[in-house]
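Analysis of the macromolecular model
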Amino acid sequence: MFTGIVEELGSVVALVRPDGAGATPGTPPGTDAVAPDAVLTVAGPLATSDARPGDSIAVDGVCLTVTSVADGAFVSEVMPETLRRTSLGGLVPGARVNLERALPANGRLGGHVVQGHVDGVATLVRRTPGPRWDDLEFSAPTALTRYVAEKGSVALSGVSLTVTWVSDDGFGVSLIPTTLAATTLGGLALGGVVNVEVDVLAKYVERLMASGVAR
């Protein structure tokens, strides 16, 4: 489990696919040709300081399992489902990524409950700078926004944020100076995509209601 509090900005060393092909990032299963898996290598001194094979590290909000660690970088295997659902398939060497190690049992829940299980992607459509903050507006499919609530929590590329407003096809968030400086959201350009993980409680409530267990 994670909290959405980014610990450091890592740097992509390599993303290797067996045949260089793949499905379009952010598309649900069945809408693209089968994507191959990939091997991702990311440099992050803090994230790798105590990492061992089998540990979990969130990369831009995606929970990945460490397969090896060496020279301040870790390697993870990325399965086809992850490449379909997230933006990881578009990473290139040198790209910056948000990194967070898994929350220890005695750690502080500084953000909100984040699983690292990305539901889809959203696109930045407007950025309004303030005196010391930025207001960001994202477009997203209804399949995602149905789980987003005003003043609720959402994880964007692994960053725990409070929703300022929501509609059927989008939502907004505001970024404080620390978030602008310490995460990739500070430099996100218009048209850029973010990985979205909605509140897991909303999904479980919907599932229980649909199954008839909760009435």
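Residues numbered from 1 in each chain as written. Predicted model: local features only at pLDDT ≥ 70, side-chain atom pairs only at ≥ 80, totals over all residues. Heavy atoms only, no water.

Let's talk about the confidence of the model for the protein chain
As a reminder, the rule being used: Confidence of the predictor in every single residue is expressed as pLDDT, which spans 0 to 100. Should any heavy atoms of two residues lie within 4.5 Å, those residues are considered in contact.
Chain-level pLDDT for the protein chain is 91 on average; 91% of the residues reach the 70-or-more range. Below pLDDT 50 for its whole length, residues 21-34 participates in 28 contacts with residues either more than four positions away or in separate chains.

Overview of the sheet that holds strand E12 (residues 193-197)
In plain terms, the rule: One bridge is not enough; two strands pair if DSSP finds at least two bridges between them. Strands here mean DSSP runs of E at least two residues long; helices mean DSSP runs of H or I at least four residues long; both are numbered from the N terminus. Angular values range over 0 to 180 degrees, each being the angle between N-to-C directions of two axes fitted as lines to C-alpha atoms, with helices fitted over their stretch in contact.
Strands sit in the order E7-E8-E11-E10-E9-E12 around a closed barrel of six strands; the barrel is antiparallel. Taking the axes of each pair of neighbouring strands and ignoring which way they run, one obtains an average angle of 45° across the sheet. One ladder, built from four bridges, connects strand E7 (residues 120-129) with E12; its direction is antiparallel. Pairing of Thr123 across the sheet is with Val193, part of E12.

Quick notes on the sheet that holds strand E2 (residues 38-43)
Ordered by their spatial adjacency, six strands build a closed barrel running E1-E2-E5-E4-E3-E6, and the pairing between neighbours is antiparallel. Adjacent strand axes in the sheet meet at a mean angle of 45°, parallel and antiparallel pairs treated alike.

Let's talk about the pairing of strand E1 (residues 8-16)
Along a regular strand, successive side chains alternate from one face of the sheet to the other. Both E1 and strand E6 (residues 96-101) contribute to a ladder of four bridges, which runs antiparallel. Counterpart to Glu8 in the pairing with E6 is Leu99. Bridge analysis of E1 against E2 gives five bridges, and the strand direction is antiparallel. The residue of E2 that forms the bridge with Ala14 is Thr41.

Let's talk about unusual backbone geometry
Which entries qualify depends on this criterion: Each residue is assigned to one of three classes by its accessible area relative to the maximum for its type, calculated with a 1.4 Å probe on protein chains only: buried under 20%, partly exposed between the two thresholds, exposed over 50%.
Even without being glycine, Asp71 reaches a positive phi, approximately 55°. Along the chain, Asp71 falls in the loop between strand E4 (62-70) and strand E5 (73-78). For Asp71, a relative accessible area of 85% puts it in the exposed group. Its identity as a non-glycine residue notwithstanding, Lys151 has a phi of 70°, on the positive side. By the secondary structure assignment, Lys151 is in the loop between helix H2 (142-145) and strand E9 (153-156).

Regarding the pairing of strand E10 (residues 159-167)
Judged from the four bridges that link them, E9 and E10 form a sheet pairing that is antiparallel. Across the sheet, residue Ala155 finds its bridge partner in E10, namely Ser160. Pairing geometry for E10 and strand E11 (residues 170-175), over four bridges, is antiparallel. Bridged to Ser167 within E11 is Gly170. Connecting the antiparallel pair E10 and E11 is a turn made up of two residues.

Comments concerning the nonpolar core
One recurring pattern in soluble globular proteins: nonpolar side chains tend to sit buried together. The cut-off we apply is this: Among the buried residues, those of types Ala, Val, Leu, Ile, Met, Phe, Trp, Tyr and Cys that are joined through side-chain atoms within 4.5 Å form a nonpolar core.
Residues Phe138, Leu156, Phe171, Val173, Val194 and Val196 are the most contacted members of the largest nonpolar core, which totals 22 residues. Those elements giving two or more residues to this core turn out to be E7, strand E8 (134-139), E9, E10, E11 and E12. Filtering out sequence-adjacent residues up to four positions away, Val173 remains in contact with Asp134, Asp135, Leu136, Phe138, Val154, Leu156, Leu161, Thr162, Val163 and Thr164.

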